[in-house]
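Chain by chain, the residues run as shown.
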Amino acid sequence: QVQLVESGGGLVQAGGSLRLSCAASGRTFSTTAMGWFRQAPGKEREFVANIRWSDDRINYADFVKGRFTISRDNAKNTVYLQMSSLKPEDTAVYYCAVEELVATTALYEYRYWGQGTQVTVSS
């Protein structure tokens, strides 16, 4: 099992920046990717970005391209989300997650989730 702890959230004005961190511990050797998701009040959880562990391939949601940057530090089992040009609509709880290949289904799944960190962007 894997445990994830997010940090770095807070209150920021529109146009500002925040850097989120997610430290993983436990059985991380099977990790294929780590990603960031967010959930705003009254909305479903949505994908933000992820990074593949083997080759650093990165995917971003369209609404954050050019504003957010995901990165990783393998030695620390940590993933980061650098957020700039923040907008009020970015306000949400941000979660990091670990993707693994599930042997029984041969599918990649986000199996482990952090507790979330609140990001609030004021106008």
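Everything below is about the structure printed above this text.
Residues numbered from 1 in each chain as written. Predicted model: local features only at pLDDT ≥ 70, side-chain atom pairs only at ≥ 80, totals over all residues. Heavy atoms only, no water.

Considering the overall build of the protein chain
So, step 1. A count of helical and extended segments in the protein chain gives zero helices and 11 strands.
So, step 2. Going from the N terminus to the C terminus, the protein chain shows its helices and strands as β-β-β-β-β-β-β-β-β-β-β.
So, step 3. Its C-alpha radius of gyration of 14 Å places the protein chain within 12% of the 14 Å reference for a compact globule of 123 residues.
So, step 4. The dimensions of the protein chain, computed from C-alpha atoms along their principal axes, are 45 × 30 × 25 Å.
So, step 5. The buried share among the 123 residues of the protein chain stands at 41%.
So, step 6. Look at the contacts in the protein chain between residues 6 or more apart in sequence, and 53% of them connect residues 24 or more apart.
So, step 7. A total accessible area of about 6700 Å² is found for the protein chain, and carbon and sulfur atoms account for 47% of it. (Helix = DSSP H or I, 4+ residues; strand = E, 2+ residues; numbered from the N terminus. Rg over C-alpha atoms; globule rule 2.2 N^0.38 Å. Buried < 20%, exposed > 50% of the residue type's maximum accessible area, 1.4 Å probe, protein only. Contact = heavy atoms within 4.5 Å. Areas by Shrake-Rupley, 256 points an atom, 1.4 Å probe, with all protein chains shown as cover.)

Here's the deal with the pattern of salt bridges
Pairing is possible between side chains that carry opposite charge, provided their charged atoms lie close to one another.
So, step 1. A complete count under the given rule lists seven salt bridges for this structure.
So, step 2. The partner of Asp-90 in a salt bridge is Arg-38, and the shortest N-O contact between them spans 2.9 Å. Linking Asp-90 in the loop between strand 8 (78–83) and strand 9 (92–102) with Arg-38 in strand 4 (residues 31–39), this pair joins segments that are 52 residues apart in sequence. Comparing Asp-90 with Arg-38, the two get one shared label, buried.
So, step 3. Between Arg-111 and Glu-100 there is a salt bridge; the shortest N-O distance is 3.0 Å. Note that Arg-111 is positioned in strand 10 (residues 107–113) and Glu-100 in strand 9, a separation of 11 residues in sequence. (Salt bridge = Lys/Arg side-chain N within 4 Å of Asp/Glu carboxyl O.)

Section: the sheet that holds strand 7 (residues 68–73)
So, step 1. Here we have four strands laid out as an open sheet, ordered 1-3-8-7, and antiparallel in their pairing. Two strands in the sheet have a free side with no partner beyond their single neighbour: strand 1 (2–7) and strand 7. Across the sheet, the axes of successive neighbouring strands diverge by a mean angle of 15°, strand direction being ignored.
So, step 2. Taken together, the six bridges between strand 7 and strand 8 define a ladder with antiparallel strand orientation. In the strand pairing of strand 8, Asp-73 is matched with Thr-78. (Pairing = 2+ DSSP bridges. Axes fitted to C-alpha atoms, helices over the stretch in contact; angles between N-to-C directions.)

Quick look at the packing of aromatic side chains
So, step 1. Taken as a whole and assessed by the stated rule, the structure comprises four aromatic pairs.
So, step 2. A network of ring pairs unites the aromatic residues Phe-37, Phe-47, Tyr-110 and Trp-113 as a single cluster.
So, step 3. When the ring centre of Trp-113 is taken as reference, the NZ or CZ atom of Arg-45 above it lies at 3.9 Å. (Phe/Tyr/Trp six-rings, centres within 6.5 Å; stacked < 30°, edge-to-face > 60°. Lys NZ or Arg CZ within 6 Å of the ring centre and 35° of its normal.)

A few points about the nonpolar core
So, step 1. Ranked by size, the top nonpolar core spans 29 residues in total, and within it Leu-4, Trp-36, Leu-81, Met-83 and Tyr-94 carry the most contacts.
So, step 2. Contributing elements (two or more residues each) for this core: strand 1, strand 3 (18–26), strand 4, strand 5 (46–52), strand 7, strand 8, strand 9 and strand 11 (117–122). (Core = buried A, V, L, I, M, F, W, Y, C linked by side-chain atoms within 4.5 Å.)

Quick word on the state of the cysteines
So, step 1. For the structure shown, the criterion picks out one disulfide.
So, step 2. Shown here is the disulfide that connects Cys-22 with Cys-96, its sulfur atoms set 1.8 Å apart. Measuring the twist about the S-S bond at about 55°, one finds the Cys-22-Cys-96 disulfide to be right-handed. A residue pair is termed long-range when its members are at least 10 positions apart, and Cys-22 in strand 3 and Cys-96 in strand 9 qualify at 74 residues. (Disulfide = S-S within 2.5 Å.)

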